[in-house]
Amino acid sequence: MEPRDRIRQTYEELELSQRRFAVTIGLTPSGLSAVMVGRNNVSPTLANSIELKHGYRAEWILTGEGEKYAYSKSFLGLLEAIKKITTDFLIVIKELEGR
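Residues numbered from 1 in each chain as written. Predicted model: local features only at pLDDT ≥ 70, side-chain atom pairs only at ≥ 80, totals over all residues. Heavy atoms only, no water.

A.B. asks: Help me understand the overall build of the protein chain in this model?
C.D. replies: A tally of regular secondary structure across the protein chain gives 6 helices and 0 strands. N-terminal to C-terminal, the α/β element order of the protein chain is α-α-α-α-α-α. The globule rule puts the C-alpha radius of gyration for 99 residues at 13 Å, and the 16 Å found for the protein chain is more than 25% above it. Across its three principal axes, the protein chain shows a C-alpha extent of roughly 55 × 30 × 20 Å. Across the 99 residues in the protein chain, those meeting the buried criterion constitute 25%. Looking at the protein chain alone, contacts between residues at least 24 apart form 43% of all its contacts between residues at least 6 apart. Carbon and sulfur atoms make up 55% of the accessible area of the protein chain, which amounts to about 6,600 Å² in all. Here the protein chain holds 14 positive side-chain charges and 13 negative ones, and the gap between their average locations is 6 Å. (Helix = DSSP H or I, 4+ residues; strand = E, 2+ residues; numbered from the N terminus. Rg over C-alpha atoms; globule rule 2.2 N^0.38 Å. Buried < 20%, exposed > 50% of the residue type's maximum accessible area, 1.4 Å probe, protein only. Contact = heavy atoms within 4.5 Å. Areas by Shrake-Rupley, 256 points an atom, 1.4 Å probe, with all protein chains shown as cover. Lys, Arg positive; Asp, Glu negative; His and termini not counted. Charge placed at Lys NZ, Arg CZ, Asp CG, Glu CD.)

This is the structure in structure tokens:
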């Protein structure tokens, strides 16, 4: 399995389209497409972006070795909950400022 195959597995597990996944890791859709078709290699920087945003270890993405996840699923769930609460809080603040 190639690094790009592990990236595909990652966004499929996350139930994201390739286009949406690209945006979440700071790439243009065409930039990720170039990686997925083999025009560009998977860089350590790209793998690190995926680890930071989605919790899939950069080493696993690049080599297939080691643990797949950088964090436990429960920790990732907690981070998602915090992100949702923060987003909701900011929406409420903006609404209150508009009054």
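A.B. asks: Explanation requested: the side chain of Thr10 in the structure shown.
C.D. replies: Here Thr10 shows up in helix α1 (residues 3–13). By relative accessible area, Thr10 is classed as buried at 0%. Apart from the residues within four sequence positions on either side, Thr10 is in contact with Phe21, Ile50, Tyr56 and Trp60.

A.B. asks: What exactly am I supposed to notice about unusual backbone geometry here?
C.D. replies: Non-glycine residue Glu15 carries a positive phi angle of around 55°. With respect to the secondary-structure elements, Glu15 resides in the loop between α1 and α2 (18–24). What makes Glu15 exposed here is its relative accessible area of 73%.

A.B. asks: What am I meant to see in the packing of aromatic side chains here?
C.D. replies: To describe a pair of aromatic rings, you give the distance between the ring centres and the angle between the ring planes. Applying the stated criterion across every chain, the model contains 3 aromatic pairs. A ring pair is formed by Tyr11 and Phe21, whose centres lie 5.6 Å apart and whose planes are at 40°; its orientation type is tilted. Of this pair, Tyr11 sits in helix α1 while Phe21 sits in helix α2, placing them 10 residues apart in sequence. Ring-pair connections join several aromatic residues into one group, and the members of that group are Tyr56, Trp60 and Tyr69. (Phe/Tyr/Trp six-rings, centres within 6.5 Å; stacked < 30°, edge-to-face > 60°.)

A.B. asks: Where do I start with the pattern of salt bridges in this structure?
C.D. replies: When the charged atoms of two side chains with opposite charge come close together, those side chains can pair. Under the criterion given, the structure shown has 5 salt bridges. Across the pair Arg8 and Asp5 runs a salt bridge, and its minimum N-O distance is 3.6 Å. On the criterion of helical spacing, the pair formed by Arg8 and Asp5 is a turn pair, its members being 3 residues apart in helix α1. Using a relative accessible area of 28% as the deciding quantity, one classes Asp5 as partly exposed. With a closest N to O distance of 3.3 Å, Glu80 and Lys83 form a salt bridge. With a gap of 3 residues between them, Glu80 and Lys83 both fall in helix α6 (residues 73–97), about one helical turn apart. (Salt bridge = Lys/Arg side-chain N within 4 Å of Asp/Glu carboxyl O.)

A.B. asks: How should I be thinking about the packing of α1 against helix α3 (residues 29–36) in this particular structure?
C.D. replies: Geometry of a packed helix pair, given as the angle between the helix axes and the separation of the axes. At a minimum axis separation of 9 Å, α1 and α3 run at an interaxial angle of 130°. Relative to α3, the element α1 is oriented oblique. Along its contact with α1, which presents Arg4, Ile7, Arg8 and Tyr11, the element α3 presents Leu32, Val35 and Met36. In the contact of α1 with α3, the residues fall into 5 nonpolar, no polar and 2 charged. (Axes fitted to C-alpha atoms, helices over the stretch in contact; angles between N-to-C directions. Parallel < 35°, antiparallel > 145°, perpendicular 65-115°, else oblique. Nonpolar A, V, L, I, M, F, W, Y, C, P; charged D, E, K, R; others polar.)

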